[in-house]
Amino acid sequence: QKEVEQNSGPLSVPEGAIASLNCTYSDRGSQSFFWYRQYSGKSPELIMSIYSNGDKEDGRFTAQLNKASQYVSLLIRDSQPSDSATYLCAVNLSNTGNQFYFGTGTSLTVIP
Amino acid sequence: KAGVTQTPRYLIKTRGQQVTLSCSPISGHRSVSWYQQTPGQGLQFLFEYFSETQRNKGNFPGRFSGRQFSNSRSEMNVSTLELGDSALYLCASSLRRELYGYTFGSGTRLTVV
């Protein structure tokens, strides 16, 4: 199993719909989880962080964490064409000396 | 507040040459990491530095090396370049990565011909 896994997609949703992005990780002891957005030709930018089980909301974005299932997700409500990007999940893996591992990303396209 | 600055933005090198990439982190950030990004492999961790010490190293050959200076600026070097080294090299800095995550620079696009 890879340290951090994401569905590569691509994922297409109509404008106004909810986009759901998923990520699983290998180390049960991991404590920090992040979502990055990367537009084509640009570098990744941090959009959400989550540390505790449950939901964390920030505007149209909700991060969900389930440590027992080793699963973290990102929901984007009222998706906009400007949300079209690749979304990267990052985990601070405690079993690798706290290395920061990224998933390969999920490409999201929001169709007007 | 200035972001993470990487130079140069673009590089074209020939196989067998060596290259040095530079990164200036956000002021006050002592943690600097380097990543290689390719379409097929995603973001691959190269190394992490904290206060001039290499804290972690990814699974790359010894041709890839790096260092960090006392002002937290960092450089990475790739010797004996191969075609497969063509990639976007990203530098990222953080105050405390486990709390705040990383802020990335714009990257250096290296093409090996």
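Residues numbered from 1 in each chain as written. Chains lettered and ligands numbered in written order. Predicted model: local features only at pLDDT ≥ 70, side-chain atom pairs only at ≥ 80, totals over all residues. Heavy atoms only, no water.

Colleague: Any chance you could explain the sheet that holds strand 8 (residues 74-78) of chain B here in plain terms?
Modeller: Two orientations exist for strands paired in a sheet by backbone hydrogen bonds: parallel and antiparallel. Residues and elements named next belong to chain B. The four strands are arranged 1-3-8-7 in an open sheet whose pairing can be described as antiparallel. Among the strands making up the open sheet, the edge pair consists of strand 1 (5-7) and strand 7 (64-68). In this sheet, adjacent strand axes meet at a mean angle of 15° when their direction is disregarded. Sheet topology note: the strand 3 (residues 19-24)/strand 8 ladder contains five bridges and is antiparallel. Within the sheet, the bridge partner assigned to Val19 lies in strand 8 and is Val78. (Pairing = 2+ DSSP bridges. Helix = DSSP H or I, 4+ residues; strand = E, 2+ residues; numbered from the N terminus. Axes fitted to C-alpha atoms, helices over the stretch in contact; angles between N-to-C directions.)

Colleague: Teacher, can you tell me more about the sheet that holds strand 3 (residues 19-25) of chain A here?
Modeller: Residue and element names in this part refer to chain A. Strand order in the open sheet made by the five strands is 1-3-8-7-6, with antiparallel pairing throughout. Edge positions in the sheet fall to strand 1 (4-6) and strand 6 (54-58), since each has one partner strand and no second. Shown here is a sheet whose adjacent strand axes are inclined to one another by a mean of 20°, direction ignored. Relative to strand 7 (residues 61-66), strand 6 runs antiparallel, the two being bridged by five bridges. For Lys56, the partnering residue across the bridge sits in strand 7 and is Ala63.

Colleague: Looking at this structure, I do not really get unusual backbone geometry. What am I missing?
Modeller: For residues besides glycine, phi is generally negative; the peptide bonds are generally trans as well. Residue and element names in this part refer to chain B. For the bond running from Thr7 to Pro8, omega is -10°, close enough to zero to count as cis. Turning to its location among the elements, Pro8 is positioned in the loop between strand 1 and strand 2 (10-13). For Ser51, which is not glycine, the phi torsion reads 45° and is therefore positive. In the Ramachandran plot, Ser72 falls in the positive-phi region, its phi being about 75° despite a non-glycine side chain.

Colleague: Can you walk me through the nonpolar core in this structure?
Modeller: General note: in soluble globular proteins, nonpolar side chains tend to be found buried as a group. Within the largest apolar cluster, 24 residues are counted, with the highest numbers of intra-cluster contacts made by Trp35, Val72, Leu74, Ile76 and Tyr87 of chain A. Elements with a minimum of two residues in this core: strand 3, strand 4 (32-38), strand 5 (45-50), strand 7, strand 8 (71-76), strand 9 (85-93) and strand 11 (106-111) of chain A. At five residues, strand 9 of chain A tops the list of elements feeding residues into this core. Among the nonpolar cores identified, the runner-up in size contains 21 residues, and Val4, Val32, Phe64 and Val112 of chain B belong to it. (Core = buried A, V, L, I, M, F, W, Y, C linked by side-chain atoms within 4.5 Å. Buried < 20%, exposed > 50% of the residue type's maximum accessible area, 1.4 Å probe, protein only.)

Colleague: Would you mind showing me how to read the state of the cysteines here?
Modeller: Residues and elements named next belong to chain B. A complete count under the given rule lists two disulfides over all chains for this structure. Put simply, Cys23 and Cys91 are joined by a disulfide, and their sulfur atoms are 1.8 Å apart. Here the S-S torsion is close to -60°, and the disulfide linking Cys23 with Cys91 is therefore left-handed. One end of the pair, Cys23, is in strand 3; the other, Cys91, is in strand 9 (residues 87-94), with 68 residues separating them in the sequence. Accessibility assignment for this pair places Cys23 and Cys91 in one class, buried. (Disulfide = S-S within 2.5 Å.)

Colleague: Please clarify how the interface of chain A and chain B should be interpreted in this entry.
Modeller: In many analyses, interface size is given as the accessible surface area lost on bringing the parts together. At the junction of the two partners, chain A supplies 17 residues and chain B supplies 17 residues. Regarding the contact of chain A and chain B, the summed buried area is about 1400 Å², with carbon and sulfur atoms giving 51% of it. Inspection of the region where chain A meets chain B yields zero salt bridges. Put simply, chain A and chain B have seven residue pairs in polar contact (both at pLDDT 80 or more) between them. Listing elements by their share of the side of chain A that touches chain B, those giving two or more residues are strand 4, strand 9 and strand 10 (99-102) of chain A. The element contributing the most residues to the side of chain A that touches chain B is strand 4 of chain A, with four residues. (Contact = heavy atoms within 4.5 Å. Buried area = accessible area lost by both parts, 1.4 Å probe. Salt bridge = Lys/Arg side-chain N within 4 Å of Asp/Glu carboxyl O. Polar contact = N/O pair within 3.5 Å; in protein donor to acceptor, adjacent residues only side chain to side chain.)

Colleague: Explain the environment of Lys2 of chain A to me, please; I cannot follow it from the model alone.
Modeller: Note on placement: Lys2 of chain A falls in the segment before strand 1. Measuring from C-alpha to C-alpha, the distance between Lys2 of chain A and Thr24 of chain A comes to 9.1 Å, with 22 residues separating the pair along the chain.

Colleague: I keep staring at the pairing of strand 7 of chain B and nothing clicks. Help me out?
Modeller: Across a regular strand the side chains alternate sides, sitting on one face of the sheet and then on the other. As paired strands, strand 7 of chain B and strand 8 of chain B are joined by five bridges and run antiparallel to one another. Residue pairing across strands places Phe64 of chain B opposite Val78 of chain B, the latter belonging to strand 8 of chain B.

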